[in-house]
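# Overview (structure and organization)
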Amino acid sequence: MPPKRKAPSGANGPPSKRVASGVGTPASMTDSDGEYFDEDEAEEDYEDNEKEKEDMRHLVKKFSVGSYSKKPKGVQADAAAGFFNSDNAYLELKPDHPDRPLWIDPHKGRIIMESFSPSFKQAEAFLINIAEPQSRVSRIHEYTLTPHSLFAAVSVGLTTGDILRELDLLSKTPIPESVREFIINSTKSFGKVRLVLKHTKYFLESSDPSVLQRLLKDDVIGRLRVNEADGLVKESAPKMGDLAIPGTRMAAGAKQAVQRPQQQNAGENEDEVDPQRDADRMAAALLEEDDDEDERDQVHAFEITAESVQDVSKRCRAIDLPLTEEYDFRNDDHNANLDIDLKPAAQIRPYQEQALSKMFGNGRARSGIIVLPCGAGKTLVGITAACTVRKGVIVLCTSAMSVVQWRAEFLKWSNVNPNDIAVFTADHKDKFPGNTGIIISTYSMVTQSKGRSYDSQKVMDFIENREWGLMILDEVHVVPAEMFKKVTYKVKAHSKLGLTATLLREDDKIQDLNFLIGPKLYEANWQELSEQGHIARVQCAEVWCPMTTEFYTEYLRANSTNKRSLLFTMNPRKFQACQFLIDYHESRGDKVIVFSDNVYALEKYAKRLRKAYIYGGTPQAERLRILENFQHNDQVNTIFLSKIGDTSLDLPEATCLIQISSHYGSRRQEAQRLGRILRAKRRNDEGFNAFFYSLVSKDTNEMYYSSKRQAFLVDQGYAFKVITHLHGIEKLGDLHFTTSHERLELLQDVMLQSEDTANVERIDGDLFSMSGAGRRKMGARRTAGSLAELSGGQGMAYVEYQRSRNKELKGKGTQNAFIRKIRREQERKRAQK
Ligand SMILES: Nc1ncnc2c1ncn2[C@@H]1O[C@H](COP(=O)(O)OP(=O)(O)OP(=O)(O)O)[C@@H](O)[C@H]1O
């Protein structure tokens with residue numbers, strides 16, 4: 001932090017700037033101790049900042065993907081090619097480099113970590129704080145330093161000095177100059193200003209008063225300050241880590257989470273004279289100025305109006321000073337305390353504790369995003385956060401069924417009074433009776449702008465006219481940025497916690513979340529969690545299915561993507577592979593889910609194999625009946641699901657997934673589908689493995705999409721085996737499409753389908769949506785009939801395949817108490833209408 005100097009009496013700062021901006025900066029700026037700030041110095045800071053911003057842009061550009069600098073002449077294009085310094089010479093290795101796990105690429109900010117290093121654990125704990133994980137395969141992990149990752153590092157409490165010191169300790173080479181510069185510049189401009197709510201007033205707070213002076217001079221922010229005559233408020237900074245998070249042993253601050261590697265592990269030998277190391281240390285010590293005890297104990301702040309929070313936040317983003325949001329909930333006397341605690345039996349797992357400690361590390365609630373794989377317990381993380389803040393909580397989910405599940409989980413894990421939890425969905429418009437509580441709703445309920453019913457508007461007013469301590473945003477990766485903007489505008493929440501399994505979006509809009517919610521606070525390692533038994537071990541395989549001659553001929557001839565996609569999905573050899581795998585896994589005692597994005601294929605496969613299927617148009621009661629039978633009926637071991645089952649599906653019985661048609665190259669869909677079996681109930685059985693098969697028609701575009709889809713999971717350390725032949729398939733008794741007559745009939749049926757048949761299913765709701773599906777048919781409607789129908793020659797065999805297993809399941813008894821309850825509720829509602 002720049003030293004604070006006393007200004008000569010009457011120093012009013014550079015008039016030109018102030019006139020130009022029209023900001024009524026007070027003639028003398030004093031802090032609460034009556035000390036002056038030198039405005040000339042602040043002005044210099046301002047200009048320096050402009051230059052810094054320019055430098056920063058240059059650096060960000062340099063570090064962005066695709067800007068790889070040229071490698072030295074004569075050097076091969078291997079992995080080592082990136083690790084040169086600016087003079088095109090290899091970076092010098094430290095003498096004890098084998099003990100240090102990190103390689104730093106000076107050109108792109110990539111960090112390669114050896115996971116077999118003795119100090120791997122410490123290095124991983126550190127890197128996850130400062131860099132984006134790109135790939136975590138078994139021996140080598142790759143991370144990238146980005147402005148966002150460094151913003152996240154700073155917002156969990158790390159200083160520039162901490163980052164440089166740890167990085168140097170763990171690196172095999174001295175930190176390259178370009179990387180050092182990038183870190184210093186990024187951390188200088190990010191995380192310097194916090195938005196803090198104290199006693200229901202909003203403050204911009206910083207430990208560096210010159211940053212606040214800069215903001216006060218800003219055209220937009222200066223005007224939004226409350227009480228322009230007041231100086232900056234100066235007070236003690238909060239102490240780190242003195243807050244107990246329920247269900248955990250402690251509440252570690254970020255600094256505690258970044259464990260220092262044991263020196264002997266990292267090969268640090270204090271007696272050795274290493275001039276480079278000494279120089280680095282000195283630089284780090286200088287940067288550590290911030291850590292000076294006296295200075296660190298002080299923070300400065302000025303107040304802004306509550307209405308201006310959005311504008312201030314937007315402006316801070318524009319001038320490269322994004323706000324970190326923190327909520328000092330322990331000093332909030334304005335909002336009533338919620339009587340909630342975790343039940344004594346709830347034991348928070350170590351990775352959940354680590355994630356929470358990032359949120360509450362300095363005794364306040366930091367807004368941000370926690371990334372945990374599907375089935376790893378994001379709900380409990382959210383509930384524990386609610387039990388820590390103990391103020392009004394609003395939870396937003398993607399579907400009505402998730403709302404029901406969140407409510408049930410609150411009751412399962414906490415001692416909250418059931419009356420204090422309200423549900424706001426199309427079917428329930430509850431409010432809690434007391435002056436605080438929990439409300440659980442969906443994004444669409446809260447953001448809907450037109451056509452609200454009277455009751456719905458009343459609940460919305462209830463939500464909008466109060467302050468919430470915590471807003472939990474479930475499945476943040478699927479929600480469009482516009483929706484978030486509406487949510488943050490409508491709901492006055494002091495802290496926001498985003499939960500997701502994958503920060504992946506094919507449109508790259510995911511970066512918006514950093515600003516709308518907050519930085520990523522924690523991201524778990526999938527492989528580590530599966531090794532520890534928290535999520536299932538999964539064997540992944542891509543099964544290559546050659547196209548039959550007649551299908552391939554049509555495929556090559558087809559001149560539309562839709563027709564080609566229908567042909568590779570309906571490839572009879574793919575059908576046979578699916579039939580064989582279902583048979584194989586059912587006989588092993590597995591419960592199988594077959595996913596098909598294409599509804600035409602879904603119906604064809606399911607009917608022919610006499611399995612139950614669910615898609616957007618399946619009525620609600622039928623959906624529940626099928627799912628219940630899948631869970632409890634040992635005669636129903638396979639179900640077919642359209643993409644409505646990609647998310648929110650909690651079927652811990654499922655142990656095998658087969659994918660026959662998917663949404664092009666969507667990495668997110670692949671990860672979400674895998675997530676359906678990560679929570680397999682049997683995951684801790686001796687030697688248990690879940691199975692994930694992707695059936696791909698060979699020599700078609702599907703192969704390209706498939707490899708694209710797998711990219712994320714491969715980066716998470718999953719290995720996809722390629723199966724080119726399924727042994728024993730030819731011996732399967734009633735294998736379909738073995739005759740050319742059958743195959744031709746199928747081909748003719750496919751060729752008769754309209755182009756729309758290959759379109760993506762449109763879904764208004766999801767698998768468990770309580771409204772809509774039951775009353776209204778949704779999903780694609782097709783009019784073309786089969787060749788058999790058209791020719792009037794419906795053979796016996798064909799008729800038999802039209803018999804739907806769905807209908808056969810009608811009337812099968814309902815066992816599950818939860819589903820029985822939902823059904824009773826639906827019946828009660830129908831009766832009331
Ligand atoms: N600390 C814990 N102790 C015991 N059980 C836990 C713990 N954390 C989570 N679970 C259990 O793990 C299962 C999965 O949790 P949860 O539904 O929250 O996962 P998720 O991460 O939200 O998954 P998805 O992304 O698929 O929705 C639940 O049955 C939950 O009760």
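To start, this report covers the structure provided alongside it. Within each chain, residue numbers correspond to sequence positions counted from 1 in written order. With the structure being a predicted model, the display of local features is reserved for residues of pLDDT at least 70 and the display and counting of side-chain atom pairs for 80 or more, all residues being used for whole-chain, interface and lining totals. Side-chain metrics in this entry use all non-hydrogen atoms of the structure; hydrogen atoms and water are not considered.

### Regarding the overall build of the protein chain
Under the DSSP-based scheme used, a helix requires at least four consecutive residues in state H or I and a strand at least two consecutive residues in state E, with every element numbered from the N terminus. Looking only at helices and strands, the protein chain has 33 helices and 24 strands in total. Only protein chains enter the area calculation, which uses a 1.4 Å probe; residues under 20% of their type maximum are buried, those over 50% are exposed, and those in between are partly exposed. Counting across all 833 residues of the protein chain, residues that qualify as buried make up 58%. The accessible surface values rely on the Shrake-Rupley method and a 1.4 Å probe; as for residues, cover is taken only from the protein chains in view. As presented, the protein chain carries roughly 35500 Å² of accessible surface, and 48% of it is formed by carbon and sulfur atoms.

### Brief notes about the sheet that holds strand β24 (residues 720–723)
Strand order in this open sheet of seven strands is β20-β21-β19-β22-β23-β18-β24, and the pairing throughout is parallel. Each edge of the sheet is formed by a strand with only one pairing partner; in this case those strands are β20 (612–614) and β24. Going from strand to strand, the sheet's axes swing by 20° on average, the running direction of each strand aside. The criterion for strand pairing is that DSSP finds at least two bridges linking the strands in question. Bridging between β20 and strand β21 (residues 638–641) involves three bridges; their strand directions are parallel. Bridging from a neighbouring strand, Ala 612 pairs with Ile 639 of β21. Where helices are involved, their axes are fitted lines through C-alpha atoms of the stretch in contact, as for all axes, and angles between N-to-C directions lie from 0 to 180°.

### Description of the pattern of salt bridges
We define a salt bridge as a contact between a side-chain nitrogen of Lys or Arg and a carboxyl oxygen of Asp or Glu at a distance within 4 Å. Counted according to the given criterion, the structure contains 26 salt bridges. Asp 339 is paired through a salt bridge with Arg 390; the nearest N and O atoms lie 4.0 Å apart. Separated by 51 residues along the polypeptide, Asp 339 in the loop between β9 (324–327) and α14 (350–360) and Arg 390 in the loop between α15 (378–389) and β12 (393–397) bring together distant segments of the chain. Of the residues examined, Arg 390 reaches a relative accessible area of 32% and is grouped as partly exposed. For the salt bridge of Lys 611 with Glu 586, the shortest nitrogen-to-oxygen distance reads 3.2 Å. Pair noted here: Lys 611 is in the loop between α25 (599–609) and β20 and Glu 586 is in helix α24 (residues 572–587), with a separation of 25 residues, a long-range link. The class of Glu 586 is partly exposed, set by a relative accessible area of 23%. Here the residues in one salt-bridge network are Arg 194, Glu 205, Glu 326, Arg 364 and Arg 366, joined through shared partners.

### Remarks on the packing of α24 against α25
Two elements in contact, α24 and α25, have axes separated by 11 Å at closest approach and are oriented at 50°. Here α25 runs oblique to α24, going by the angle between their axes. Classified by chirality, the crossing of α25 by α24 is right-handed. Residue-level inspection shows Lys 574, Phe 575, Cys 578, Gln 579 and Ile 582 of α24 in contact with α25, the latter providing Lys 604, Tyr 605, Arg 608 and Leu 609. Residues are sorted three ways: Asp, Glu, Lys and Arg are charged, Ala, Val, Leu, Ile, Met, Phe, Trp, Tyr, Cys and Pro are nonpolar, and all the rest, Gly among them, are polar. Looking at the contact of α24 with α25 residue by residue, the class counts come to five nonpolar, one polar and three charged. The cut-offs work like this: below 35 degrees is roughly parallel, past 145 is roughly antiparallel, 65 to 115 is roughly perpendicular, and the gaps in between are oblique. In a left-handed crossing the near helix is turned counterclockwise from the far helix by less than a right angle, and in a right-handed crossing that turn is clockwise. Here a residue-residue contact requires only that any non-hydrogen atoms of the pair lie within 4.5 Å.

### Some remarks on the site of the ligand
When at least one non-hydrogen atom of a residue lies within 4 Å of a molecule or strand, that residue is treated as near it. In the vicinity of the ligand there are 16 residues, among which Gln 347, Gly 375, Lys 378, Thr 379 and Arg 679 approach most closely. Contacts described as polar in this section are N or O atom pairs within 3.5 Å, which, within protein, must combine one atom able to donate a hydrogen with one able to accept it, while residues neighboring in sequence count only if both atoms come from side chains. Between the ligand and the protein, one listed contact pairs a nitrogen atom with a backbone N or O atom of Gln 347 at 2.8 Å. Between an oxygen atom of the ligand and a main-chain N or O atom of Gly 375, the distance comes to 2.7 Å. Among the residues making up the shell around the ligand, the classes are represented as five nonpolar, five polar and six charged.

### Some thoughts on the environment of Pro 106
Relative to the assigned elements, Pro 106 resides in the loop between β1 (102–104) and β2 (110–114). Sequence spacing of Pro 106 and Leu 651 is 545 residues, and the spatial spacing of their C-alpha atoms is 46 Å.

### Brief notes about the environment of Ile 639
By secondary structure assignment, the location of Ile 639 is in strand β21. Separated by 213 residues in the primary sequence, Ile 639 and Ala 426 place their C-alpha atoms 28 Å from one another. The contacts of Ile 639, once residues within four sequence positions are left out, are Val 592, Ile 593, Val 594, Ala 612, Ile 626, Leu 627, Phe 630 and Leu 651.

### Comments concerning the packing of aromatic side chains
The criterion for an aromatic pair is that two Phe, Tyr or Trp rings (for Trp, the six-membered ring) have centres within 6.5 Å, with stacked assigned to planes under 30 degrees apart, edge-to-face to planes over 60 apart and tilted to the rest. Tallied over the entire structure, the rule returns 15 aromatic pairs. Taken together, the ring pairs connect Phe 575, Tyr 605, Phe 640 and Phe 737 into an aromatic cluster. As a reminder, the over-ring test applies to NZ of lysine and CZ of arginine, requiring each to be within 6 Å of the ring centre and within 35 degrees of the ring normal. The positively charged end of Lys 591 is found above the aromatic ring belonging to Phe 630, 5.4 Å away from the centroid. Directly above the ring of Phe 737 sits Arg 608, whose terminal nitrogen or CZ lies 4.2 Å from the centroid.

### Quick look at the side chain of Thr 324
Here Thr 324 lies in strand β9. Aside from chain neighbours lying at most four places away, what touches Thr 324 is Phe 151, Ser 155, Gly 191, Val 193, Arg 194 and Leu 195.

### Describing helix α29 (residues 740–752)
Because each turn of an α-helix spans 3.6 residues, side chains separated by three or four positions in sequence point in the same direction. Every helix has an expected span of 1.5 Å times one less than the residues it contains. Given a rise of 1.5 Å per residue, 13 residues ought to cover 18 Å, and the 18 Å separating the end C-alpha atoms of α29 matches this to within 8%. Within the span of α29, buried status applies to Glu 742, Arg 743, Leu 746, Leu 747, Asp 749 and Val 750. Taken around the axis of α29, the buried residues stretch over an arc of 160°, which confines them to a single face. Directions drawn from the helix axis to the C-beta atoms are what define this arc.

### Looking at the pairing of strand β13 (residues 421–424)
The alternating pattern of β13 places Ile 421 and Val 423 and Ala 422 and Phe 424 on opposite faces, both of which are buried. Both β13 and strand β14 (residues 438–442) contribute to a ladder of four bridges, which runs parallel. Across the sheet, residue Val 423 finds its bridge partner in β14, namely Ile 440.

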